[in-house]
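Each chain, written out:
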Amino acid sequence: MDFNLSKEQSLIQQMAREFAEKSIAPAAKQIDEESKIPEEILAGMAELDLFGIPFPEEYGGADGGYDGYVLAMEQIAKVSGGVAMTMAAHTLGLGAISAFGTEEQKKKYMIPGCKAKHIVSFAFTEPGTGSDPKQITTTAVKQGDFYILNGTKRFISNANYPGAMVVFARETESGEVTAFILDKWAEGYSISEPWEKIGMHGGQLLDVYMKDVKVPADNLLGKIGQGFPILLLGIALGKIGTSTAALGGTLAALEEASKYAREKTHRGQPIAKFQAIQLKIADLAIKYETARWLCYRLGCLANDIKDPGKFAAEAALVKAYCGDNVVDAARIAVDVHGSYGLMRDYTIERVYRDAIIGPEIEGVADMQKLIVASSILRSKG
Amino acid sequence: MNVVVAMKQIPDLQQIRIRNRQPVLEDIPWTMGAIDKNALEAAVQIKEAQGGKVVLLSAGNEELEDTAKEALAAGADEALLIIDDKLDEMGSAEIAKILAAAIQRIEKIDLIIFGEGSGDNYSGQVGSRVAEILGLPQVGYASAIEVQGESLRVSRSLEDGKELVEIGLPAVITVISGINEPRIASVTQILKAGKKPKEILDLSDLALDLGEICPVKTESNLAPESDRKRVAVKSVDELVAALKGENLIGR
Amino acid sequence: MAGILIYSDKDKLARELLTVAGLIADARGWEVKAACINNARQCQLLSAAGARVYQIENPAVLPADAANVAVALKEACGKLDCSIVLLSSDRRGRELAGRLAQVLGAGCLTDISAVKVEGEQIHCQRNALGGATVATQYIDGEKQVLAIVPRAFAPAPDRDGGSIDELQVEVPPSRIKLLEFQAKDSSSANIEEAPVLVVAGQGLNSQEDLAAVESLAQKLGGELACSKPLATDKKWLPEDRVIGLSGKKCQPDLAVLLGISGQVQFTVGIRDARVIVAVNSDENAYIHQMADYSMVADLHQIVKELNDALA
Ligand SMILES: Cc1cc2nc3c(=O)[nH]c(=O)nc-3n(C[C@H](O)[C@H](O)[C@H](O)COP(=O)(O)OP(=O)(O)OC[C@H]3O[C@@H](n4cnc5c(N)ncnc54)[C@H](O)[C@@H]3O)c2cc1C
Ligand SMILES: Cc1cc2nc3c(=O)[nH]c(=O)nc-3n(C[C@H](O)[C@H](O)[C@H](O)COP(=O)(O)OP(=O)(O)OC[C@H]3O[C@@H](n4cnc5c(N)ncnc54)[C@H](O)[C@@H]3O)c2cc1C
């Protein structure tokens, strides 16, 4: 067992840190206030291959593995939850196409995706169902060489950008949940106003309305009725991103709290001298380190998934932990700041709002725990 | 245009901790010096405009093969590395001779670019020494380099002004960090760096005559004692005297 | 008798080098020699400070061409029997140092901020590890090129015993062509780059008092800056002069902080200054604790006295 990063891994980490600090951090407040990521930032990320890290070169990716993805995501998420969310949802969508797509589908959708000419979405949540995909009501009706999709998807990240959307619908002939690749902005596709959420501003979240959207039969992802396993693995891969986004927030909490503790003085000495503050800093370090190694390991596991069910349980465990963990960490870091921590002038205020998204996104924490428990009880059973 | 860029491998300065005034260097990763990144970027820009190649040249301990990947990712086409653990103990004079000997092995070199000083020692001697050994003209502290046929127009930035000079090729240039913003290597470039061509030599491969060298010896290397003096000053005269003592006024 | 030679293209730095050379020469019973290249005014200045000056007049020796200056100085060292050369560690001097050391086969140290003669050795202090440490180093050998940080030593005072002689040196034609020199224009304010900052805080009584503070900044060769309330609340100064969390982070050689309490949002912007002077009428103000020199006093009075003292 060796917990050291290779030179390449640490260069990926450094590169992402440098880009995050130089190009994203100065705009992070603006992104938060305007709920919009400047074009140059997305373009800059594209140039550095940050939108295609784990995918094969032949499909436009960087072949950097999910371990490389995790290392980069952590640094991006540290400075902006909104940018991290965009990157995570995109990579989730591409991950599903990469795992289940045909050669043609991969060529057609992954290359522009990895190069960030397209920003990809992954749509399963509906107004009536989030945690329970079996309740999906969107329909796909076969009509010649096409499927006609109708329905509403809720809380879909990146639905405003052009590009592919992996969408789950009930294929009416079989009655089974099935995945399709849809070109966003095809005829009949429309979106709501962006949701105004508590944090991760800049990460766009919209509802998607599909009214008689014609999807070529070639765009069936996997097989009819394979929707559930695709969803399971897709989301499991997606949890690498959301867990690591939470990890980045945890790191931000640790750094902001430590910085403030050294700067803020009380009766002439930095508050870092007080044991009560020291205990909080130690708690933050523990939270960061535990989340870090869980995420790094999950990234490595994802490079070679043998048993999707087992991987899904691993991912659920990491997501459950990291999601709650970042909220606790941000809360502790706010405490270190006192009332100042609630002011927009302090980064921790934003980190706190971004953190709160962590447990809810991509399946609430309790659902993750149910997946973990059932995998344990089943295998021991 | 074939450009050689010299890189010094240095300990990552941000990670150095001080214990009992001593710098703790164990377990500090090695990295490419900061201004060397500007030197490399300048070379890559010239290559992109003029064609040719950028050769990374570096002498250092066994970590160098890994550290060189930083430069290969950021645009160097190939590397010539002199790897020997003895190099860590050597001073600027010795290193300059080694680099010059290595440069003489490379065919057709038009330009050699250094950073104005290394990130750790910042002594700024090596570029000048190499230029002298190779009998080349030099311009230090370049803030812009423009190729004009067989010569360069170099703007150099000095404390009291800016100077524009013309220098024939081949030549040695040292650059300041303000000359450019080094590009950040993409994931793909990082992952391909290790696959670029490289030649690795050890000291015995170079026909070296270290000759007459007056070596630099280090008596001590300690962190400065306390941050702030916290001297209570009672009068303006006292303050003026104190600032004079710090060479801050009357200059 | 061996000797020590000094050279800088800048008059003022050359006078500083004389001070350092004096330390070494006294310890060894040597004499201090100075090379002046194409600079008659500097010859006068240095001989007035007691140096034996050697005037080199040769248009082929351009300060812009370190290679030729090195050749000229090598010849001078040979003719004048000097084994140690002191240069200024400004950019020109540092560039020259390596080249000259290589021509002479000498050891070389640059950026030297302090010098102490210890028997045979000349112990030099310089920053190492990017400034994390200060190293004491010496050159083991006779031939030495030492480049001294500007302003680390006071310029040598006037003294008798100086002389000026001509010295002929041969150099090859220069391979550098100087096309243009543009002296720095000092009108635009850039508090991040200013070597000295005089910073006004809410202790300042009125906008009218700014004039005296600004004049002090000028006398110290620096810029006027302020704490945030002075710009955002009182609007006495533009926001680009604010230091701190929401302002600029500066690291001048000298920061003079006037009427500033030292809230952390301010101090983050100035704590990397080399020397901090604080003037605050409240002896418990935190700013006194992060100052090198602190005065418990009315800033208006101090500004006035300083302006007079530096007039
Ligand atoms: C920022 C953000 C981005 C998002 N991006 C996307 C996206 O790109 N694509 C997409 O499809 N969706 C996206 N979502 C939606 C998100 O994945 C869902 O909101 C999430 O899966 C939870 O579903 P829900 O909100 O409907 O909660 P529900 O499923 O209604 O759950 C509500 C509560 O009931 C509990 N609960 C539910 N079922 C059970 C059960 N069987 N047993 C016990 N407890 C149960 C849950 O634990 C939870 O506490 C995003 C959400 C956010 C906030
Ligand atoms: C989110 C946030 C961001 C901020 N960002 C910045 C920032 O970037 N920069 C910044 O400066 N501030 C910033 N502040 C404000 C900061 O907290 C302080 O309020 C501010 O620095 C105080 O400025 P001051 O020291 O000039 O004023 P005060 O705190 O009012 O101090 C004035 C001092 O002058 C002394 N004094 C009074 N009269 C005299 C006299 N005649 N002679 C000598 N001394 C006298 C007093 O003893 C007192 O110590 C920020 C605050 C917040 C909440």
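Residues numbered from 1 in each chain as written. Chains lettered and ligands numbered in written order. Predicted model: local features only at pLDDT ≥ 70, side-chain atom pairs only at ≥ 80, totals over all residues. Heavy atoms only, no water.

Chemist: How should I be thinking about the domain arrangement of chain A in this particular structure?
Modeler: In many reports, interface size means the accessible area that the parts give up when they come together. All names here are of chain A. Domain parsing of chain A yields domain 1 (7-114), domain 2 (121-226) and domain 3 (228-380). Between domain 2 and domain 3 lies a buried interface of about 1400 Å² when both sides are counted; carbon and sulfur atoms form 79% of it. If you look at where domain 2 meets domain 3, you find 0 salt bridges. At the surface where domain 2 touches domain 3, the tally comes to 4 residue pairs in polar contact (both at pLDDT 80 or more). (Domains from an automatic or database assignment. Buried area = accessible area lost by both parts, 1.4 Å probe. Salt bridge = Lys/Arg side-chain N within 4 Å of Asp/Glu carboxyl O. Polar contact = N/O pair within 3.5 Å; in protein donor to acceptor, adjacent residues only side chain to side chain.)

Chemist: So what exactly am I meant to see when it comes to the environment of A212(C) here?
Modeler: Residue and element names in this part refer to chain C. Relative to the elements of secondary structure, A212 occurs in helix α5 (residues 210-219). The exposure class assigned to A212 is partly exposed, which follows from its relative accessible area of 33%. Separated by 92 residues in sequence, A212 and K304 have C-alpha atoms that sit 7.1 Å apart. If we ignore the near neighbours within four places in the chain, the residues touching A212 are V303 and N307. (Helix = DSSP H or I, 4+ residues; strand = E, 2+ residues; numbered from the N terminus. Buried < 20%, exposed > 50% of the residue type's maximum accessible area, 1.4 Å probe, protein only. Contact = heavy atoms within 4.5 Å.)

Chemist: Just to check I follow, could you spell out the sheet that holds strand β16 (residues 293-295) of chain C for this structure?
Modeler: As summarised here, the arrangement of the 6 strands in space is β15(B)-β16(C)-β15(C)-β14(C)-β12(C)-β13(C), forming an open sheet in which the pairing is parallel. The open sheet has two edge strands with one neighbour each: β15 (231-232) of chain B together with β13 (223-226) of chain C. Sheet topology note: the strand β12 (residues 196-200) of chain C/strand β14 (residues 254-258) of chain C ladder contains 5 bridges and is parallel. Each bridged residue has a counterpart across the sheet, and for A200(C) the counterpart in β14(C) is L258(C). Those strands touched by α5(C) are β12, β13 and β14 of chain C, and its axis lies near 130° from that of β13(C). (Pairing = 2+ DSSP bridges. Axes fitted to C-alpha atoms, helices over the stretch in contact; angles between N-to-C directions.)

Chemist: Is there a simple way to think about the sheet that holds strand β3 (residues 52-56) of chain C in this case?
Modeler: Backbone-to-backbone hydrogen bonds pair the strands of a sheet. The strands run either parallel or antiparallel. Residue and element names in this part refer to chain C. Ordered in space as β5-β9-β4-β1-β2-β3-β10, the 7 strands form an open sheet in which the pairing is parallel. A single partner strand is all that each edge strand has here, and the edge strands are β5 (107-112) and β10 (163-166). On average, each strand axis in the sheet is inclined to that of its neighbour by 25°, with strand direction left out of account. Sheet topology note: the strand β2 (residues 31-37)/β3 ladder contains 5 bridges and is parallel. Note on β3: the bridge partner recorded for K33 is R52. Along the sheet, helix α4 (residues 91-104) contacts β1 (3-7), β4 (82-88), β5 and β9 (144-148); its crossing angle with β4, the most-contacted strand, is approximately 165°.

Chemist: Got a minute to help me understand the interface of chain B and chain C in this structure?
Modeler: Across the boundary between the two partners, chain B contributes 73 residues, which contact 79 residues of chain C. Carbon and sulfur atoms make up 52% of the surface buried where chain B meets chain C, a total of about 6700 Å² over both sides. For the interface between chain B and chain C, the tally reads 8 salt bridges. For R156(B), the salt bridge is made with E95(C), and the minimal N-O distance between the two is 3.0 Å. Counting the contacts that link chain B with chain C gives 39 residue pairs in polar contact (both at pLDDT 80 or more). Among the secondary structure elements, those contributing two or more residues to the side of chain B that touches chain C are α4 (126-134), β9 (138-148), β10 (151-158), β11 (161-168), β14 (216-222), β15 and α6 (236-245) of chain B. Broken down by element, the residue count for the side of chain B that touches chain C peaks at 8 residues, all from β11(B). Tallied by class, the residues present in the side of chain B that touches chain C amount to 34 nonpolar, 17 polar and 22 charged. Of the strand pairs in this sheet, β15(B) and β16(C) are connected by 2 bridges, and their pairing is parallel. (Nonpolar A, V, L, I, M, F, W, Y, C, P; charged D, E, K, R; others polar.)

Chemist: I'm lost on the pattern of salt bridges in this one. Help?
Modeler: Note on pairing: side chains with opposite charge can pair once their charged atoms come close. Applying the stated rule across the entire model yields 56 salt bridges over all chains. Between K78(A) and E21(A) there is a salt bridge, with its nearest N and O atoms 3.6 Å apart. Of this pair, K78(A) sits in helix α3 (residues 65-79) while E21(A) is found in helix α1 (residues 7-34), placing the two residues 57 residues apart along the sequence. Taking relative accessible area as the criterion, E21(A) reaches 42% and is therefore assigned partly exposed. We note a salt bridge from D32(A) to R353(A), for which the minimum N-O separation is 2.6 Å. Of this pair, D32(A) sits in helix α1 while R353(A) sits in helix α9 (residues 347-357), and the two are 321 residues apart along the sequence. For D32(A), a relative accessible area of 7% corresponds to the buried category. Overall, the relative accessible area of 10% leaves R353(A) in the buried class. In this structure, a network of salt bridges that share partners links the residues R156(B), E163(B), D9(C), K10(C), D90(C), R92(C) and E95(C).

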